[in-house]
Amino acid sequence: MARSAVLTGRMGADTVRMLVTILIIVGVGYLVGFRFLNGFGPAVAMVVLATVFGIAICTIAAFTGLAIGDEESVQAFGLIWLFPLTFVSSAFVPISTMPGWLQAFASNNPVTYVINTMRALALGGPITADLWKSIAWLAGIFIVFVPLAVRAYRRAG
């Protein structure tokens, strides 16, 4: 078995699990009345963007898990870095309602760009600026954390 199979297999399984979860969420949304207002193509693009964002987060998690090593420490650290990114973004409240000092962080947060792009893809509105910023953030995350995860995996093995 190739040494890379463990890491790539885990990432592949995470990708499939995320895609299924996203499709279930979209399906439940449809059952309760949600509708994509922008057409089929943008709806598929939204699902793809959500999946790629999830893979990016999994890449960060893979690196931190392999770098820390101790199960209890990994569990304690787990998602502690993700909660501020999520809650200080446009995911739950408009950025304009946040205190001024927090708006600068929230406006430049990768979660904000991805959420804004997904909303625009699903419901309409300007897409281009937030899409390019989302792509830039996602590329940056992959460029930084894929090599770090591979390096941590090699050290752990």
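Residues numbered from 1 in each chain as written. Predicted model: local features only at pLDDT ≥ 70, side-chain atom pairs only at ≥ 80, totals over all residues. Heavy atoms only, no water.

### Comments concerning the side chain of threonine 117
At step 1: Secondary-structure assignment places threonine 117 in helix α6 (residues 110-123).
At step 2: According to the relative accessible area criterion, threonine 117 is buried, its value standing at 0%.
At step 3: Polar contacts involving the side chain of threonine 117 include one to the main-chain carbonyl oxygen of tyrosine 113, which spans 2.8 Å.
At step 4: Here the side chain of threonine 117 touches leucine 131 through a polar contact of 3.2 Å, landing on its backbone nitrogen. (Helix = DSSP H or I, 4+ residues; strand = E, 2+ residues; numbered from the N terminus. Buried < 20%, exposed > 50% of the residue type's maximum accessible area, 1.4 Å probe, protein only. Polar contact = N/O pair within 3.5 Å; in protein donor to acceptor, adjacent residues only side chain to side chain.)

### Considerations on a nonpolar patch on the surface
At step 1: Where nonpolar side chains cluster on the molecular surface, the patch consists of Val16, Val20, Ile24, Val28, Leu31 and Val32 and spans about 620 Å² of accessible area.
At step 2: Within the secondary structure layout, valine 20 lies in helix α1 (residues 4-31). (Patch = residues over 30% accessible without salt bridge, like charges linked within 9 Å, V, L, I, M, F, W, Y side chains within 5 Å. Areas by Shrake-Rupley, 256 points an atom, 1.4 Å probe, with all protein chains shown as cover. Salt bridge = Lys/Arg side-chain N within 4 Å of Asp/Glu carboxyl O.)

### Looking at the pattern of salt bridges
At step 1: Here the structure, examined in full by the defined rule, presents 2 salt bridges.
At step 2: A salt bridge links aspartate 14 to arginine 10; the shortest N-O distance between them is 3.2 Å. Remark: arginine 10 and aspartate 14 occur in helix α1; sequence separation between them is 4 residues, near one turn of the helix.
At step 3: Judged by relative accessible area, aspartate 14 falls into the buried class, the value being 5%.

### Examining the packing of aromatic side chains
At step 1: Throughout the structure, instances matching the rule amount to 6 aromatic pairs.
At step 2: Judged by centre distance (6.3 Å) and plane angle (85°), the rings of tyrosine 30 and phenylalanine 34 are edge-to-face.
At step 3: Tyrosine 30 sits in the partly exposed class, given a relative accessible area of 34%.
At step 4: In this structure phenylalanine 34 comes out as partly exposed when scored by relative accessible area, which is 30%.
At step 5: The structure contains a cluster of three or more aromatic residues connected by ring pairs, namely Tyr30, Phe34 and Phe36. (Phe/Tyr/Trp six-rings, centres within 6.5 Å; stacked < 30°, edge-to-face > 60°.)

Keep in mind these values describe shape, not function.
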